[in-house]
Amino acid sequence: MTTPAPRSDPGNMATFNILHGFTEALVRGMRNSFLVDSDYHHLTQCETLDDVKLNLSESDYAEAVADFGSISPSLLQKAAIDKLVAEFQYLRSQAVEPLSTFLDFITYEYMIENVMLLLKGTLSGRDINELIAQCHPLGMFKESTMRSIPTFDNTPRGYQDLYQTVLVDTPVGPYFSMFLQESNNNGGEVRNVLEEVEIEIIKSSLIKFWIEDFYQFVEKLGGETARIMGEVLKVRADTNAINITLNSFGTPLNEPSMRISDRKRLYPAVGHLYPAGTAMLADVSDEDELGRVLELFPQYSTIWNVHSAGSGEKSIDDAFYERDVHVLEIAFESQMHFAVFYAYVKLKEQEIRNLVWIGECILQAQKDEINKFVPVFSNHAPWRSKKH
C-alpha cells in the first residue's frame, strides 16, 4: 500500500508542520538577525562611514561588509540587498506547495518594477548595462530576455514583438496582458500605450492587478494565512489608493474627465477603503477633499493629519512606513501561516532603508536628521510603549 503524500492547508494546526514547519522555523530564526535598539543607538553616534562599518561588524551584517575597504550608502544598500536575496532564495529552495507559489508571488512585485525600469530605459535610449545593474535581484529574468528589449524596432510590429517576448513570457505576463487589453479597449496599438502613457501609471495598474491576484490566492488558502496576509494586502492596497490620489494632484489624472476613466481604474478592488472609500477618492480634486474622505476612516485619518500638519518632523511616507512596520510585526506574533515570510522581506527592506538613511546623514553631515527612521522590532515603538 502506497502512503499518500501529506496535505497541508495553511493554518491547519494538525498538518501545517508536516510540509511547512521547517521553513517557518527558518524564517522565525532569521528574526534574530534584525538590528536592535542598541545597534541603532551606536550607528547614530558614528562620525564616519568607517565607524558604521565597524559597528556593523558586530551585527548580522558582519560578513556582508567584511570585504569592503571603504563603504558608501550605495555599497551598504547593495550588500544588504544581496544578503536578503540569498536568505530569501534559501527559504524558497526549502519550500513546497503552496508556500513555494506564495513566495513566488512576493517576487512578482520586483519583476514588475524591473520590467518597467527596462521599458522606460528602452523608450529613453539608456544603456542596457546600466539598467540591468539597477534592477532588483529578486525580480530578475534570464539575461537574454532582459537584453533583448532594446533590440526591437520602433515600429508597431516591433512593439508587438516586444509585448510577446517580455510581457507574455514572464511570470507577470498576465498582468501586462490585462493592462494592455484594458488600454486597447479604448483604441490604439501596443506601441501607443507604451509611448504615451506615463510609466508610473502603467506601473500602478500592474501593481493593482498583482495585489488583487495575490489577495485572491491567499483567500483560497484560507486559515491564518488568509486572515493575516489578507489584512496586510488590504493595508497595502489602501496605501496605493491614497498615494495615487495624492500624487495625481497637479497632473492630467486630476482632470474631471480622467478621475473616473483613468484614476479610479488604478485603485485596487481590495482593501478597507474599497468600495465606498475608493469611490469617494475618485471624486476628490484637492488635498482638502482627500482629507475629508480619510476622516471617515480612523486608521488613515491619523496618517493624513501627519501630512496636513506639515511640521517637517515626519512625512506621510514615514507615517505609512510606521503603520506598515506595525502590521508586519504582528505577523510574527502567531504561528502556522505564510504571512511571516512576506513580513520578513518587507521588514528587512525597512531596515535597509534605515541603514541607507543613517549612512547618508553621516556622509552629508546632517546629524540632526539622523534619527528620522523607523526601527524594526523596537522596544520603543509607539505600539509597544505605554506612553503612547
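Structure first, text after, so check above.
Rules used throughout
Throughout this document, residue positions are counted from 1 along each chain, in the order its sequence is written. Given that this is a predicted model, residues contribute local features only at a pLDDT of at least 70 and side-chain atom pairs are listed and counted only at 80 or more, while totals for whole chains, interfaces and linings are drawn from all residues. In computing side-chain values, all of the structure's heavy atoms are included and hydrogens and water are not. Secondary structure elements are defined from DSSP: runs of H or I of at least 4 residues count as helices, runs of E of at least 2 residues count as strands, and each element is numbered from the N terminus. We call two residues in contact when some of their heavy atoms are within 4.5 Å. To be clear on the numbers: accessible area is Shrake-Rupley with a 1.4 Å probe, and residue cover counts the displayed protein chains and nothing else. Among the buried residues, those of types Ala, Val, Leu, Ile, Met, Phe, Trp, Tyr and Cys that are joined through side-chain atoms within 4.5 Å form a nonpolar core. The rule is simple: take the accessible area with a 1.4 Å probe, protein chains only, and divide by the maximum for that residue type; under 20% is buried, over 50% is exposed, in between is partly exposed. The definition of a polar contact used here is a pair of N or O atoms within 3.5 Å, where within protein one atom must be able to donate a hydrogen and the other to accept one, and adjacent residues in sequence count solely through side-chain atom pairs. Here a Phe, Tyr or Trp ring, Trp counted by its six-membered ring, pairs with any other such ring whose centre lies within 6.5 Å, and the pair is stacked when the planes are under 30 degrees apart, edge-to-face when over 60, and tilted otherwise. In our convention, an over-ring charge means Lys NZ or Arg CZ found within 6 Å of a ring centre and within 35 degrees of that ring's normal.

**With respect to the overall build of the chain**
At step 1: What the chain contains, in helices and strands, is 19 helices and 0 strands.
At step 2: Taking the contacts inside the chain whose residues are at least 6 apart along the sequence as the reference set, 65% of them involve residues at least 24 apart.
At step 3: A total of about 18,800 Å² of accessible surface is found on the chain, and carbon and sulfur atoms cover 50% of it.

**Here's the deal with the environment of Leu-35**
At step 1: When you line up the elements, Leu-35 lands in the loop between α1 (16–30) and α2 (37–44).
At step 2: Those residues in contact with Leu-35 that sit more than four places away from it in its chain are Tyr-40, Leu-43, Leu-56, Ser-59, Tyr-61, Glu-351, Leu-355 and Val-376.

**Points about the nonpolar core**
At step 1: Among the nonpolar cores identified, the biggest contains 119 residues, and Phe-102, Trp-210 and Phe-214 are the most heavily contacted of them.
At step 2: For Trp-210, the contacting residues outside a window of four places in its chain are Phe-105, Tyr-108, Glu-109, Ile-112, Tyr-175, Arg-236 and Tyr-342.

**Quick look at the side chain of Thr-245**
At step 1: On the secondary structure map, Thr-245 appears in helix α13 (residues 223–248).
At step 2: The exposure class of Thr-245 is buried, given its relative accessible area of 0%.
At step 3: At a separation of 2.8 Å, a polar atom in the side chain of Thr-245 contacts the main-chain carbonyl oxygen of Ala-241.

**Things to note about the environment of His-136**
At step 1: Relative to the assigned elements, His-136 resides in the loop between α7 (128–134) and α8 (143–148).
At step 2: Separated by 54 residues in the primary sequence, His-136 and Asp-82 place their C-alpha atoms 9.5 Å from one another.
At step 3: With near-sequence residues (within four places) excluded, His-136 lies in contact with Ile-81, Val-85, Tyr-110, Asn-114 and Glu-349.

**Quick word on the environment of Arg-259**
At step 1: Inspection of the secondary structure assignment puts Arg-259 in helix α14 (residues 256–263).
At step 2: As for Arg-259 and Ala-282, which are separated by 23 residues in sequence, their C-alpha atoms are 5.6 Å apart.
At step 3: Looking at Arg-259, its side chain comes within polar contact range of the main-chain oxygen of Asn-254, at 2.8 Å.

**What about the packing of aromatic side chains?**
For any pair of aromatic rings, geometry is given as the distance between the ring centres together with the angle between the planes.
At step 1: If you walk through the whole model with that rule in mind, you get 12 aromatic pairs.
At step 2: When the centroid spacing of 5.4 Å and the interplanar angle of 85° are considered together, the rings of Phe-332 and Phe-377 count as edge-to-face. Residue Phe-332 is located in the loop between α18 (316–330) and α19 (339–363), and its partner Phe-377 is located in the segment after α19; the two are separated by 45 residues in the primary sequence.
At step 3: Assessed through its relative accessible area of 15%, Phe-377 is described here as buried.
At step 4: Through successive ring pairs, a cluster of aromatic residues spans Phe-16, Phe-102, Phe-105, Tyr-108, Trp-210, Phe-214, Phe-217, Phe-338 and Tyr-342.
At step 5: Here the basic side chain of Arg-31 rests over the ring of Phe-377, its NZ or CZ set 4.0 Å away from the ring centre.

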